[in-house]
Amino acid sequence: KIDLHCHTKRLKQGDGCNRNVTPEIFREKVINADIKILAITNHNAFDFAQYIELQNSVKDSCQVWPGIEIDVKGSSGNKFHLIVVANPSNVETFNNKIKQLYFGKNIETCQLPCEEIYNCLNVCDVIYIPHLHKNPGISNEDYEKLVSLVGDSSRVFGEPSDNRSLGVFANHNYNVIIGSDVKDWKNYENNSFFILEDVLK
């Protein structure tokens, strides 16, 4: 099982306190859920020290990848969420690039254009996961624009709201994936997770 949409901190007003997790609880819940790859994707920020701490807590059972969930300003002025997950071997570069991307900005209110995100983070060997028909979701126009910008459709995955939608989009030849978007760590293992074997068949 993999989870590429996982929160470990309350950072914005809309985030609940139950997204905060200790290394001990993180380890217990990740092992109980049998997760083998997990990306930490908090809102508009990356905590390098916490990443290392949580990575070390599960190093014998699970890979932890660096990521972020970004508020993006769409072409028509609409907002959507875009998860960006980096190759863990590039975590230090990723950390520095996130600092650069958000320097002087208010993480509560800022919305970044896709081009700025791509130009800053693509060097970190990343994949892009926009919300797809999931609030706040990417428009069809912006989805096509993102795929064109990245230039490699295998690096763009839509994240729909549930497993049923996942199946519908997969049948229409979208790359799709679903993550926990964890709201409460007490119930982490009860979330829906993506089964990597389904992709490899």
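Just so you know, the residues in each chain are numbered from 1, in the order the chain's sequence is written. For a predicted model such as this one, the threshold for reporting local features is a pLDDT of at least 70, and the threshold for listing and counting side-chain atom pairs is 80 or more; totals across whole chains, interfaces and linings nevertheless cover every residue. Heavy atoms throughout the structure, all of them, feed into the side-chain values; hydrogens and water do not.

## Brief notes about the overall build of the protein
Inference 1: Each helix is a run of H or I in the DSSP string that is no shorter than four residues. Each strand is a run of E no shorter than two, and both are numbered from the N terminus. Within the protein one finds seven helices and five strands.
Inference 2: Across the protein, helices and strands are ordered from the amino to the carboxyl terminus as β-α-β-α-β-β-α-α-β-α-α-α.
Inference 3: We take the radius of gyration over the C-alpha atoms and set the globule estimate at 2.2 Å times the residue count to the 0.38 power. What you see for the protein is a C-alpha radius of gyration of 16 Å, in line with the 17 Å of a compact globule of 201 residues.
Inference 4: For the protein, the spread of C-alpha atoms along the three principal axes comes to 45 × 40 × 30 Å.
Inference 5: Residue exposure (1.4 Å probe, protein chains only): buried if accessible area is under 20% of the type maximum, exposed if over 50%, otherwise partly exposed. Across the 201 residues in the protein, those meeting the buried criterion constitute 46%.
Inference 6: It only takes one pair of heavy atoms within 4.5 Å for two residues to be counted as in contact. Summarising the internal contacts of the protein: among those between residues at least 6 apart in sequence, 70% fall at separations of at least 24.
Inference 7: Surface exposure here means Shrake-Rupley accessible area, sampled with a 1.4 Å probe, where a residue is shielded only by the protein chains that are shown. When the accessible area of the protein is evaluated, it comes to approximately 9,700 Å², of which 48% is carbon and sulfur surface.
Inference 8: In this tally, Lys and Arg are treated as positive and Asp and Glu as negative; His is ignored, and so are the chain termini. A charged residue contributes its charge at one atom only: NZ of Lys, CZ of Arg, CG of Asp or CD of Glu. Charge centroids of the protein, computed over 21 positive and 26 negative side chains, lie 2 Å from each other.

## Comments concerning the pairing of strand 3 (residues 63–73)
Inference 1: Most of strand 3 sits inside the fold, with eight of its 11 residues counted as buried.
Inference 2: Two elements, strand 2 (residues 37–40) and strand 3, share four bridges in a ladder whose sense is parallel. Bridge pairing links Ala 39 to Trp 65 in strand 3.
Inference 3: Two strands pair under a simple rule: DSSP has to find at least two bridges between them. Pairing of strand 3 with strand 4 (residues 79–86), which is carried by seven bridges, proceeds in the antiparallel orientation. Along strand 4, the bridge assignment pairs Gly 67 with Val 85.
Inference 4: The antiparallel hairpin formed by strand 3 and strand 4 contains five residues in its connecting segment, where Gly 77 sits at a positive phi of about 85°.

## Things to note about the nonpolar core
Inference 1: Counting 59 residues, the largest nonpolar core has Phe 26, Val 30, Leu 38, Ile 70, Val 84, Leu 121 and Tyr 188 as the members making the most contacts within it.
Inference 2: For this core, the element with the most residues is strand 4, which contributes six residues.
Inference 3: Dropping the residues within four chain positions of it, Val 84 is found in contact with Pro 66, Gly 67, Ile 68, Ile 70, Phe 94, Ile 117, Leu 121, Val 126, Ile 127 and Tyr 128. Only buried Ala, Val, Leu, Ile, Met, Phe, Trp, Tyr and Cys residues count toward a nonpolar core, and they belong to the same one when joined by side-chain atoms within 4.5 Å.

## Points about the sheet that holds strand 1 (residues 2–6)
Inference 1: Read from one edge to the other, the open sheet built from five strands follows the order 1-2-3-4-5, with strand pairing classed as mixed. Whereas interior strands pair on both sides, the edge strands pair on one side only; in this sheet they are strand 1 and strand 5 (126–130). Neighbouring strand axes in the sheet, compared pairwise and without regard to direction, differ in orientation by 25° on average.
Inference 2: Two strands pair when backbone bridges link them, and strand 1 and strand 2 are joined in this way by three bridges, in the parallel orientation. Opposite Cys 6, over in strand 2, you have Ile 40 as the bridge partner.
Inference 3: Of the strands in this sheet, strand 4 and strand 5 touch helix 5 (residues 140–150), which is tilted by about 175° from strand 5. The axes used here are C-alpha line fits, helices contributing only the stretch in contact, and every angle between their N-to-C directions lies in the interval 0 to 180 degrees.

## Remarks on the packing of helix 1 (residues 23–33) against helix 2 (residues 48–57)
Inference 1: Relative to each other, helix 1 and helix 2 sit at 45°, their axes nearing to 9 Å. When the axis of helix 1 is compared with that of helix 2, the two are oblique. The handedness of the crossing between helix 1 and helix 2 is right-handed. Residues Pro 23, Phe 26 and Arg 27 of helix 1 pack against Glu 53, Leu 54 and Ser 57 of helix 2.
Inference 2: In this classification, the charged set is Asp, Glu, Lys and Arg, the nonpolar set is Ala, Val, Leu, Ile, Met, Phe, Trp, Tyr, Cys and Pro, and all remaining amino acids, among them Gly, are polar. Among the residues making up the contact of helix 1 with helix 2, the classes are represented as three nonpolar, one polar and two charged. When describing relative orientation, an angle under 35 degrees is termed roughly parallel and one over 145 degrees roughly antiparallel, while 65 to 115 degrees is termed roughly perpendicular and anything else oblique. Handedness of a crossing is defined here by the sense of rotation of the near helix relative to the far one, left-handed for an anticlockwise turn of less than a right angle and right-handed for a clockwise turn.

## As for helix 1
Inference 1: Turning to helix 1, its buried residues are Pro 23, Phe 26, Lys 29, Val 30 and Ala 33. With its buried residues spanning 135° around the axis, helix 1 presents them on a single face.
Inference 2: Lining the buried residues of helix 1 we find strand 2, helix 2 and strand 3.
Inference 3: Just downstream of helix 1 lies Asp 34, where phi reads positive at about 60°. To obtain the arc, one takes the directions from the helix axis to the C-beta atoms.

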